[in-house]
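Fold and contact review
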Amino acid sequence: MKQKPEEILQTYFGYEQFRTGQKEVISSIMQSHNTLAVMPTGGGKSICYQIPGLYADGTAIIISPLISLMKDQVDALKSLGIPAVYVNSTLSDSEIKERMRDIAMRRYRFVYAAPERFESASFLNVIRSLRISLIAFDEAHCISQWGHDFRPSYRSIVPLLKKLRNVDVFAALTATATEAVIADIQSLLDIKDEHVVNTGFSRDNLAFHIIKGRDKASYVRSFLSKHPDESGIIYAATRKQVDSLYEVLQKQGFSVAKYHAGLPENERKNAQTAFIRDEAMIMIATNAFGMGIDKSNVRFVIHYAMPMNIESYYQEAGRAGRDGEMSNCILLFSPQDIQLQKFLIEQSQMDDASKQQEYHKLQEMINYCHTHQCLANYILDYFNDPAPELPADIAVIVRNPVKR
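The rules behind these values
- Residues numbered from 1 in each chain as written.
- Predicted model: local features only at pLDDT ≥ 70, side-chain atom pairs only at ≥ 80, totals over all residues.
- Heavy atoms only, no water.
- Core = buried A, V, L, I, M, F, W, Y, C linked by side-chain atoms within 4.5 Å.
- Buried < 20%, exposed > 50% of the residue type's maximum accessible area, 1.4 Å probe, protein only.
- Helix = DSSP H or I, 4+ residues; strand = E, 2+ residues; numbered from the N terminus.
- Contact = heavy atoms within 4.5 Å.
- Pairing = 2+ DSSP bridges.
- Axes fitted to C-alpha atoms, helices over the stretch in contact; angles between N-to-C directions.
- Salt bridge = Lys/Arg side-chain N within 4 Å of Asp/Glu carboxyl O.
- Polar contact = N/O pair within 3.5 Å; in protein donor to acceptor, adjacent residues only side chain to side chain.
- 1 Å grid on protein atoms, 1.4 Å probe; cavity = no way out; pocket = protein on both sides within 12 Å on 5 of 7 lines; lining within 4 Å.
- Points joined across faces, edges and corners; volume = space filled by probe spheres on them.
- Nonpolar A, V, L, I, M, F, W, Y, C, P; charged D, E, K, R; others polar.
- Expected span 1.5 Å × (residues − 1).

Among the nonpolar cores identified, the biggest contains 112 residues, and Phe-110, Ile-135, Phe-137, Phe-208 and Tyr-368 are the most heavily contacted of them. Considering every element that reaches this core, the biggest residue donor is helix H16 (residues 375-382), with 6 residues. Not counting chain neighbours up to four residues away, the residues in contact with Phe-137 comprise Ile-63, Ile-143, Tyr-154, Ile-157, Val-158, Leu-161, Phe-170, Ala-171, Ala-172, Leu-173 and Leu-189. Ile-211, Ala-217, Tyr-219 and Tyr-304 belong to the second-largest nonpolar core, a separate cluster that totals 22 residues.

So, on to the sheet that holds strand E4 (residues 110-113). Read from one edge to the other, the open sheet built from 7 strands follows the order E3-E4-E2-E5-E6-E1-E7, with strand pairing classed as parallel. Each edge of the sheet is formed by a strand with only one pairing partner; in this case those strands are strand E3 (84-87) and strand E7 (196-198). With direction set aside, neighbouring strand axes in the sheet form an average angle of 15°. Where strand E2 (residues 59-63) lies against strand E5 (residues 132-138), 5 bridges are found, and the strand directions are parallel. When the bridges of E5 are listed, Ala-60 appears paired with Leu-134. In the packing of helix H2 (residues 22-30) onto the sheet, contacts are made with strand E1 (35-38), E5, strand E6 (170-174) and E7, and the angle to E1 comes to roughly 165°. Each of E3, E4 and E5 touches helix H4 (residues 67-79); the most contacted strand, E3, lies at about 165° to it.

Before going further, it helps to spend a moment on the pattern of salt bridges. A full pass over the atoms with the stated rule returns 13 salt bridges. In this structure, Lys-162 engages Asp-190 in a salt bridge whose closest nitrogen and oxygen atoms are separated by 3.1 Å. Linking Lys-162 in helix H8 (residues 158-162) with Asp-190 in the loop between helix H9 (179-189) and E7, this pair joins segments that are 28 residues apart in sequence. With relative accessibility at 37%, the residue Lys-162 sits in the partly exposed group.

Our next topic: the environment of Tyr-382. Topologically, Tyr-382 is positioned in helix H16. Spatially, the C-alpha atom of Tyr-382 lies 9.1 Å from that of Glu-311, the residues being 71 residues apart in sequence. Tyr-382 has contacts with Thr-178, Ile-310, Glu-311, Lys-361 and Glu-364, leaving out every residue within four places of it along the chain. Among the polar contacts made by the side chain of Tyr-382, one reaches the side chain of Glu-311 at a distance of 3.0 Å.

Turning our attention to empty space enclosed by the protein. Under the defined criterion, the tally for this structure stands at 4 cavities of 30 Å³ or more. Taken as a whole, the second largest cavity encloses approximately 40 Å³ of empty space. What lines the second largest cavity is simply Pro-40, Thr-41, Ala-175, Thr-176, Phe-201, Arg-203, Tyr-314, Gln-315 and Gly-318. Considered class by class, the residues forming the lining of the second largest cavity number 4 nonpolar, 4 polar and 1 charged.

Taken in spatial order, the 6 strands of this open sheet run E8-E13-E12-E9-E11-E10, and their pairing is parallel. Unpaired on one side and paired on the other, strand E8 (206-212) and strand E10 (256-259) mark the two borders of the sheet. Neighbour to neighbour, the strand axes of the sheet diverge by 15° on average, direction disregarded. Pairing between E8 and strand E13 (residues 327-333): 7 bridges, direction parallel. What sits directly across from His-209, in E13, is Ile-330.

What follows deals with helix H5 (residues 93-104). For H5, with 12 residues, the first-to-last C-alpha span of 16 Å sits near the 16 Å given by 1.5 Å per residue. On its buried side, H5 packs onto E3, E4 and helix H6 (121-129). Of the residues trailing H5, Arg-106 is marked for its positive phi of about 60°.

What follows deals with the pairing of E3. Across the two faces of E3 the burial is the same, with Ala-84 and Tyr-86 and Val-85 and Val-87 all buried. Two elements, E3 and E4, share 4 bridges in a ladder whose sense is parallel. From the neighbouring strand, Val-87 faces E4, where its bridge partner is Ala-113.

Structure (structure tokens):
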């Protein structure tokens, strides 16, 4: 007799009960309804497709946007005794052939792959031969042309996957999605309104702060000195900013690591591992770092410069406090940040219409930095999410250094 979802939750993941929205998402997927889950960072989205994948017969295919995210997810499943594998560009040809042979022999319950992998005829042939329990789009906002991290390769494979005759159900999961993004995902994956589970965006354990008129490097040094035993992430806008801040803080004796796309793969991997294991307390990174990173004790996220849009900011800031403990989300703002983000938009390969969309989102981000209303409520208003009643000491505007 198969285990019930609640029994799988306790047996494999060690939790006594589901978090908000998880049971509804799992039930919808298990009834073969194409389903969209919109849950805040730390809301337990991965369990929403892992439990149906463990319950059903066959192989679950997880489409994932980042190599680091795939590795983390697969390592976590394997540590629980669940057969899982990833196939991506970090592997040699011989490793890919070996893994594809094992996938064809149905030795894995979960297979993680980037969307580009589906451009391979040999990969598709193997997928067609499997009994597929579900296909899940992790970080599903990447599908939508209205999303803050739109990836054409994510979107382009949807018609191909919908033609597969051995797929019972699609699942899409994301932490940040505006109404336009939700509608776009629904249209692409044929998801009915009643199968959209949106638990809201509120994280009442996060305190949001904006710091203006301060020397950023001095502020960061002061903050870290006052929080010596806390783990945190500092997001910089460019690789150059990451390298510069890393050198300064390392020379001053802080326990730091750095991560950006310009570093060698093994250096990025080692930095990520050191941070997750608390061997390095502070990660300095571009937005290439963090998606899907399951580190519960991040006590602060500092943005060294204003991000390009609120979706990115909230997703990155939301990597603090996954354990539910109070955590700080700090944005260091200066007028030069605006010019940098405009420069990055102009230098991008986007067409004019997409650039105008990004300028609109940038203006919303600028408005956030100048608002006099509650910062958390401003973000919830942006996502059209009703603001809960919060204690007065949570989610306030702070224009001076954070103190405890």
